[in-house]
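Read off the chains here:
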Amino acid sequence: MTEDKENKTGIMERKRKRKQNDRNKKNPENQNNHNQDKDQKNAVKEDKEKKSEGKTTKQEVTLEDNNKRKHKIVFPFGNYRNYYGYRINEVDGDPRLKVFERDWFQGKDCLDIGCNSGILTIQIARKFHCKSILGIDIDSDRVSDAYWHLRKFARTENVEKNSTKVARLEVKNKVNGAKHSASASSVETKEDSSASSKGDLFEVVSFRQENFVQSQRPSEKQYDTILCLSVTKWIHLNWGDDGLITLFSKIWRLLHPGGILVLEPQPWQSYEKNRRVSETTAMNYRTILFRPESFREILLDKIGFRRVEDITDGLSGSKAGFDRPIFVYHK
Ligand SMILES: C[S@@+](CC[C@H](N)C(=O)[O-])C[C@H]1O[C@@H](n2cnc3c(N)ncnc32)[C@H](O)[C@@H]1O
C-alpha cells in the first residue's frame, strides 16, 4: 500500500469510528433500539460479573454463544439492558432523586411500576427509608438484574456499616485508654453481620415479574405511593388507549386515599421514534387518540385524582432526551 492510500484508509477508519461513537452516545429510546454494539459490550461485561456469582440469564447465554454473529436485540417494552448506563450521569447520580420528597416515601408502602434493573427503586429505599418498596417489571431478566443489584447494594452497605462500627470501636478504645486489639474489632464486626445489616434492605425492597396492565391478583395490597416513571409510552404503544386507561385506573385502585402517583410521561414526539419496535406498536401508534398532553385531564376528570403538582422545575442535570416533566397526582 502506498503512503497516500494508507492515509486515506486511516482517515476513513477514523470517520467510521467517530460516526459509530456519535450513534452510541444517543439515548436508546431515540434510536428505535439500534444501540446494539454498546449494549452488547455492556451485556457481556455485566454477564462476566454475574457469572462470577453463578447467575446468568437466557439472553446472556445466547449472546455469548453467538458472539461472532451480528445479533440484533430489540426491547419492545422499553426493557433495555443497562438503561441506567445511558440515562444516569455517573457523577451526579439520578437527578430525579433530588426532586423527590422524603414525605412521599419515609415509612410508606411504595410500588414502582416498570422498575427495570431496580437501581432507582433501591436508591429510593436507601435515601428515603420506605417501609416497603416493590418494583415490578414485565421482563423477568430485568427482575433478575434488579435482585443482582440489590445484593450488590446490600453488600456495600454491610461493608460500610462494618467499617463505621470498627472506627467507632477504635475511638471508644482510645477514649478508655485501652490499647486497640484486633480481636476486639473482629468480635464487633461479627456481631454486626449477625444482626444482619444485609437483611435490612432485603426486608424493605423486593421485585417481581409482572405485566401491570394484564395481571390480576385476588387480594391486592394498597400503597401510599406509586411511581410510574418513563413507562406510559411503552404501555401506550403496546396496549393502546385501553392499556393506558387500565394503567391509570389500576393505579387509582391500588392507592390508599390520600396516596400519590409520581408520573413521568414521555412526550408524544418520542413515541414516533419507537413505533416500529413491533407490529403491535406500529398498529397502536396509528390508532392512539389520547396524547400525553391529555393525561392531566384524564387523571383529574375521568380517573378522579383530586389535584396535581408539577415538580419539573427543580429538575436539573438530566441527560439529553431524558429531560421529561414529572407530576405528582394526589388521590
Ligand atoms: C424505560 S424503562 C423505565 C425504568 C424506570 N422506571 C426509570 O424511569 O428509571 C421502562 C420499563 O417499564 C417496563 N414495562 C413496560 N411495560 C410494562 C408493563 N406492562 N408492566 C410492567 N413493566 C413494564 C419495561 O420492561 C422497562 O423496564
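In the nomenclature of an unreviewed UniProt entry, the protein chain is known as RNA methyltransferase of Populus euphratica. What UniProt states about the protein chain under its Sequence similarities (unreviewed entry) heading is, verbatim, "Belongs to the methyltransferase superfamily."

A. Quick peek at the overall build of the protein chain. Looking only at helices and strands, one finds 13 helices and seven strands in the protein chain. Scored against the burial criterion, the 331 residues of the protein chain give a buried share of 28%. Pairs at least 24 residues apart make up 74% of the contacts formed inside the protein chain by residues separated by at least 6 positions.

B. Quick peek at the nonpolar core. Within the largest apolar cluster, 46 residues are counted, with the highest numbers of intra-cluster contacts made by Ile-113, Ile-124, Ile-226, Cys-228 and Leu-261. At the level of secondary structure, the elements contributing two or more residues to this core comprise strand E1 (109-113), helix H6 (119-128), strand E2 (132-137), helix H7 (140-175), strand E3 (205-209), strand E4 (223-229), helix H10 (232-254) and strand E5 (255-264). It is H10 that provides the largest number of residues to this core, a total of seven residues. Ignoring any residue separated from it by four or fewer positions in sequence, one finds Cys-228 in contact with Ile-113, Gly-114, Ile-251, Leu-261 and Leu-263.

C. Expanded view of the packing of H10 against helix H12 (residues 279-287). Contact pair H10 / H12: the axes reach a minimum separation of 8 Å and the direction vectors enclose 50 degrees. As summarised for this structure, H10 and H12 are arranged oblique, according to the angle between their axes. By crossing handedness, the relation of H10 to H12 is classed as left-handed. In this structure, H10 contributes Leu-237, Asn-238 and Gly-240 to the contact, and H12 contributes Thr-280, Thr-281, Asn-284, Tyr-285 and Thr-287. Taken together, the residues of the contact of H10 with H12 sort by class into two nonpolar, six polar and no charged.

D. Inspection of unusual backbone geometry at higher detail. The backbone phi angle of Asn-82 is positive, close to 55 degrees, even though this residue is not glycine. Locating Asn-82 in the fold gives a position in the loop between helix H3 (58-65) and helix H4 (83-87). Classification of Asn-82 as partly exposed rests on a count of 19 C-beta atoms within 10 Å. A positive phi angle, near 55 degrees, is found at Asn-116, a position not held by glycine. Take Asn-116: it is sitting in the loop between E1 and H6.

E. Quick peek at the site of the ligand. Among the 22 residues in the neighbourhood of the ligand, the closest are listed as Gly-78, Asn-79, Gly-114, Asn-116 and Leu-229. The set of elements that each furnish at least two residues to the shell around the ligand consists of E2 and H10.

F. Broad picture of the sheet that holds E1. Spatially, seven strands are ordered E3-E2-E1-E4-E5-E7-E6 in an open sheet, and the strand pairing comes out mixed. Two strands close off the open sheet at either side, each with one partner strand: E3 and strand E6 (307-310). With strand direction ignored, the average angle separating the axes of adjacent strands in the sheet is 20 degrees. Inspection of the sheet shows E2 paired to E3 by five bridges, in the parallel sense. Pairing of Ile-136 across the sheet is with Arg-208, part of E3. Against the sheet, H10 engages E1, E4 and E5, with an angle of about 170 degrees to E4.

G. Inspection of the environment of Leu-300 at higher detail. Secondary-structure assignment places Leu-300 in helix H13 (residues 295-303). Linking Leu-300 and Tyr-329, residues 29 residues apart in sequence, is a C-alpha distance of 8.4 Å. Contacts of Leu-300, omitting those with residues within four sequence positions, involve Phe-305 and Val-308.

H. Representation of H6 in the model. Among the 10 residues that make up H6, seven are buried, leaving the element largely enclosed by the rest of the structure. Among the residues of H6, Ile-119, Leu-120, Thr-121, Ile-122, Ile-124, Ala-125 and Phe-128 are the ones counted as buried. At the C-terminal side of H6, His-129 shows a positive phi close to 55 degrees.

Calculation notes
- Each residue is numbered by its place in its chain's sequence as written, counting from 1.
- Where local features are concerned, this predicted model is filtered to residues with pLDDT of at least 70; where side-chain atom pairs are given and counted, the filter is 80 or more; whole-chain, interface and lining totals use all residues.
- UniProt positions are given in the numbering used here, feature names are shortened, and annotations may be inferred rather than shown by experiment.
- Under the DSSP-based scheme used, a helix requires at least four consecutive residues in state H or I and a strand at least two consecutive residues in state E, with every element numbered from the N terminus.
- Any residue with 12 or fewer other C-beta atoms within 10 Å of its own C-beta is exposed, any with 20 or more is buried, and the rest are partly exposed; the C-beta atoms used are placed from the backbone.
- For every residue pair, C-beta atoms are placed from the backbone, and the pair is scored as a contact if these atoms sit within 7 Å.
- We define the nonpolar core as any set of buried residues of the types Ala, Val, Leu, Ile, Met, Phe, Trp, Tyr and Cys, connected via C-beta atoms lying within 7 Å of each other.
- The axes are straight lines fitted to the C-alpha atoms, using for helices just the contacting stretch, and the angles between their N-to-C directions are given from 0 to 180°.
- Orientation categories follow fixed angle ranges, with anything under 35 degrees roughly parallel, anything over 145 roughly antiparallel, 65 to 115 roughly perpendicular, and all other angles oblique.
- By definition, turning the near helix anticlockwise from the far helix through less than a right angle yields a left-handed crossing, and turning it clockwise yields a right-handed one.
- Under the scheme applied here, ten amino acids are nonpolar (Ala, Val, Leu, Ile, Met, Phe, Trp, Tyr, Cys and Pro), four are charged (Asp, Glu, Lys and Arg), and all others, including Gly, are polar.
- Each residue gets a C-beta atom placed from its backbone. If that atom is within 6 Å of a molecule or strand, the residue is near it.
- When DSSP locates at least two bridges between a pair of strands, those strands are taken to pair.

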